[in-house]
Amino acid sequence: MDVESEGSSALRLIKQGAEARIYAADFLGRPTIVKERFKKKFRHNVLDDKLRHKRTMQEVRSMHRCRKAGIATPTVFFIDSNDYKIYMEEVQNSITVRDYINSLKEDKESNLRKLAKIIGTILASMHNIQVIHGDLTTSNMLLKKTNDIEIADLVLIDFGLSSISSLAEDKGVDLYVLERAFLSTHPNTEDAFKVILDTYKTFKGSSEALKKLDEVRLRGRKRTMVG
Ligand SMILES: Nc1ncnc2c1ncn2[C@@H]1O[C@H](COP(=O)(O)OP(=O)(O)O)[C@@H](O)[C@H]1O
Ligand SMILES: [Mg+2]
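Residues numbered from 1 in each chain as written. Chains lettered and ligands numbered in written order. Predicted model: local features only at pLDDT ≥ 70, side-chain atom pairs only at ≥ 80, totals over all residues. Heavy atoms only, no water.

J.: Residue-level account of the coordination of the magnesium ion (ligand 2), with values.
T.: Each protein donor to the magnesium ion (ligand 2) is listed here as Asn140 (OD1) and Asp158 (OD); together their distances run 2.1 Å. One end of the pair, asparagine 140, is in the loop between β7 (131-132) and β8 (141-144); the other, aspartate 158, is in the loop between β9 (154-156) and β10 (163-164), and 18 residues separate them in sequence. For aspartate 158, a relative accessible area of 23% corresponds to the partly exposed category. (Donors = N, O, S within 2.8 Å, 3.2 Å for Na, K, Ca; no water. Helix = DSSP H or I, 4+ residues; strand = E, 2+ residues; numbered from the N terminus. Buried < 20%, exposed > 50% of the residue type's maximum accessible area, 1.4 Å probe, protein only.)

J.: Quick one: what's the story with the pattern of salt bridges, residue by residue and with numbers?
T.: Oppositely charged side chains can form a pair if their charged atoms are brought close together. On inspection of all chains with the given rule, the structure shows 18 salt bridges. A salt bridge links arginine 43 to glutamate 19, with the shortest nitrogen-to-oxygen separation between them at 3.1 Å. Residue arginine 43 is located in the loop between β3 (30-37) and α2 (45-68), and its partner glutamate 19 is located in the loop between β1 (12-16) and β2 (20-27); the two are separated by 24 residues in the primary sequence. Accessibility expressed as a relative area gives 30% for glutamate 19, which makes it partly exposed. (Salt bridge = Lys/Arg side-chain N within 4 Å of Asp/Glu carboxyl O.)

J.: Which residues make up the nonpolar core, and what are the values?
T.: If you look at the biggest cluster of nonpolar residues, it comprises 45 residues, and the most contacted ones within it are Leu115, Ile119, Leu123, Met126 and Leu154. Of the residues forming this core, the biggest block, nine residues, is contributed by helix α4 (residues 108-128). Looking at which domains feed residues into this core, each of domain 1 (3-89) and domain 2 (94-226) supplies at least three. In contact with leucine 154, not counting residues within four places along its chain, are Ala72, Val97, Leu115, Ile118, Ile119, Ile122, Leu142 and Leu143. Core analysis: the next-biggest nonpolar cluster, separate from the first, contains five residues, Ala25, Phe27, Val34 and Tyr87 among them. (Core = buried A, V, L, I, M, F, W, Y, C linked by side-chain atoms within 4.5 Å. Domains from an automatic or database assignment. Contact = heavy atoms within 4.5 Å.)

J.: So what's going on with the site of ligand 1? Residues and values would help.
T.: As a matter of local geometry, ligand 1 sits amid 15 residues, with Lys15, Lys35, Glu89, Val91 and Asp158 nearest to it. For ligand 1, an oxygen atom lies 2.8 Å from a polar atom in the side chain of lysine 35. Here a nitrogen atom of ligand 1 sits 2.9 Å away from a polar atom, N or O, in the main chain of valine 91. Within the complex, the protein chains bury 82% of what would otherwise be the 540 Å² of accessible surface of ligand 1. (Near = heavy atom within 4 Å. Polar contact = N/O pair within 3.5 Å; in protein donor to acceptor, adjacent residues only side chain to side chain. Areas by Shrake-Rupley, 256 points an atom, 1.4 Å probe, with all protein chains shown as cover.)

Okay, here's the thing in structure tokens:
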């Protein structure tokens, strides 16, 4: 089926990333985001196809797994497997958590704490169902604009590097990726990040994952000292 003529209006490019183009569209009357993993010319053809296929499938699979567990992710409407396009629900009236944090002024501390608790709770539920996000940053979390933010307002996106794993090591690395991204993107937020980890403790396997986080930090530090 030719989706563009069947169900969807023209695609309007809104973002061009290193791996994917993001378009806005209208799919069967619904506001839609289309994420296209385009061909990378410098990659070997077969490898390129494999990677685009794998990441597209991982993204869809993990979004679905999270949704089933009550973690907000965009609904997938359609997958175009010929050119690796995912048609998904557009999270309307949302901004990235990155932009949200950067916009905070009054009550910055208390809003940050509230947000940190939400992030910690969601990461705990995500790791509880063995989903490793693989690219946790504040740009890969959307926040619906409301006056008083709550759990359901935080939507996780960008699962292309995700995997399913029950290993504490993988969960520790996931947290480490977020820690590095969070603290470098948002200076002086160490306290808020501690709140994320404290809230994360609600999940059963959290102590092993946090122990691994400590080990990974140490490895990271050693590497920096040597290099
Ligand atoms: N479902 C969506 N609803 C609204 N905005 C989205 C959605 N998916 C992606 N975006 C926007 O596009 C940006 C890039 O999407 P993302 O999936 O993170 O791709 P990339 O791999 O290029 O980082 C996001 O940071 C967000 O601003
Ligand atoms: Mg992203």
